[in-house]
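# Architecture and fold: a report
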Amino acid sequence: MFSAGRNILSLATALCATVGLFAYAVSAETPTGAASGRVTVSDTGEPLGGINVVLRPLTPTSGADAVTVKTDKAGAWELRRVPSGTYEVTTQTNVYTSGVQQLQVREGETAQLDMKPVPGNPYLNLYVHVHAHLPENSPRFAVNGFRQGESLALKLYAVDGATLTRKYGGSLRKMLSPISYNATPASLAPLKASGAKLVRSWDYKPVRRDAEGVFYDNVRLGKLDPGVYLVEAQG
């Protein structure tokens, strides 16, 4: 009888201890809320999908406090169970600037923050990685740009070899420098005016674009007759 009573007392004590631990866990739990928003381009209103939005506590306790979420196709993002507090919010982009905005997350509420990054300047670059080809090869060049429209206007010129040699010297590097990645319209103008013949002109629509709309494509020219050629692109 005495033994059974002691077991009941022990069980009651253990139960009270368990309830006490549960109450402590509830009281020590960090208050949380939620955060959401939408990222659209400032001048066009187009959504920026597939980019990262980063939330950093205004007073971080460690280097691992930052939270990152990716926007969907509509530019929307959402985070649940975010610890309450004030956050600095930025976007991770290469050609857009959003600055830093603050967001206050309160317990049990959803904080809303819409961001409108400003686009950088448009650009268009051409790269010729391999300058010399055999006749059976298909030469190619790369186009890289931002905000150049849906398609590029491309032109292919055949350059008179004698004129090229006379004007740009005997070394291969000097001969090819007018059609390398650092060429400018001013450097190409004399070349076009002295024996450059238009071979082909066509429109090219870039295929590979990242989430921000930046494209980098390789354009093949097909087989060409022996000679020196100049490529021109306009967005």
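Residues numbered from 1 in each chain as written. Predicted model: local features only at pLDDT ≥ 70, side-chain atom pairs only at ≥ 80, totals over all residues. Heavy atoms only, no water.

## Considering the sheet that holds strand E11 (residues 140-146)
Overall, antiparallel pairing links the 3 strands, which are arranged E10-E11-E14 in an open sheet. Across the chains shown, the open sheet's two edge strands, defined by having one partner strand only, are strand E10 (123-127) and strand E14 (215-220). Across the sheet, the mean angle from the axis of one strand to that of its neighbour is 20 degrees, orientation sign disregarded. Note that E10 and E11 share 5 bridges and pair antiparallel. By the bridge assignment for E11, Tyr 123 is matched with Phe 146. (Pairing = 2+ DSSP bridges. Helix = DSSP H or I, 4+ residues; strand = E, 2+ residues; numbered from the N terminus. Axes fitted to C-alpha atoms, helices over the stretch in contact; angles between N-to-C directions.)

## Observations regarding the pattern of salt bridges
Evaluation of the coordinates by the stated rule reveals 3 salt bridges. One salt bridge connects Glu 78 with Arg 80, and the closest N-O pair in it is separated by 3.6 Å. With a relative accessible area of 65%, Arg 80 lands in the exposed category. A salt bridge links Arg 208 to Asp 217, with the shortest nitrogen-to-oxygen separation between them at 3.6 Å. (Salt bridge = Lys/Arg side-chain N within 4 Å of Asp/Glu carboxyl O. Buried < 20%, exposed > 50% of the residue type's maximum accessible area, 1.4 Å probe, protein only.)

## Quick word on the sheet that holds strand E8 (residues 110-112)
Spatial ordering of the open sheet is given by E4-E1-E8, a layout of 3 strands whose pairing is mixed. Both edges of this open sheet fall to strand E4 (76-83) and E8, since each of them pairs with a single strand only. Strand-to-strand twist across the sheet, computed as the mean angle between neighbouring axes with direction ignored, equals 20 degrees. As paired strands, strand E1 (residues 32-38) and E4 are joined by 6 bridges and run antiparallel to one another. For Arg 38, the partnering residue across the bridge sits in E4 and is Ala 76.

## Focus on the packing of aromatic side chains
The full count for this structure, using the stated rule, is 3 aromatic pairs. For the ring pair Tyr 123 and Phe 146, a centre distance of 6.4 Å and an interplane angle of 40 degrees mean the geometry is tilted. Of this pair, Tyr 123 sits in strand E10 while Phe 146 is found in strand E11, placing the two residues 23 residues apart along the sequence. Relative accessible area serves as the criterion here: at 26%, Tyr 123 is assigned to the partly exposed category. (Phe/Tyr/Trp six-rings, centres within 6.5 Å; stacked < 30°, edge-to-face > 60°.)

## Here we look at the confidence of the model for the protein
Of all residues in the protein, 77% attain a pLDDT of 70 or more, and the chain-wide mean is 83. Confidence drops under a pLDDT of 50 for residues 21-27, and excluding neighbours within four residues, the segment shows 0 contacts in the predicted structure. (pLDDT = per-residue confidence, 0-100. Contact = heavy atoms within 4.5 Å.)

## A look at the nonpolar core
Membership of the largest hydrophobic core comes to 22 residues, with the highest contact counts inside it found for Val 39, Val 53, Leu 55, Trp 77, Val 89, Leu 103 and Val 105. Looking at this core, the elements with two or more residues in it are strand E2 (52-57), E4, strand E5 (85-92) and strand E7 (101-105). No other element matches the 3 residues that E4 contributes to this core. Not counting residues up to four positions away in its chain, the partners in contact with Leu 103 are Ala 35, Leu 55, Trp 77, Gly 85, Thr 86, Tyr 87, Val 89, Ala 111, Gln 112 and Leu 113. Grouped together as the second largest cluster of nonpolar side chains are 13 residues, Phe 141, Val 143, Leu 156 and Val 231 included. (Core = buried A, V, L, I, M, F, W, Y, C linked by side-chain atoms within 4.5 Å.)

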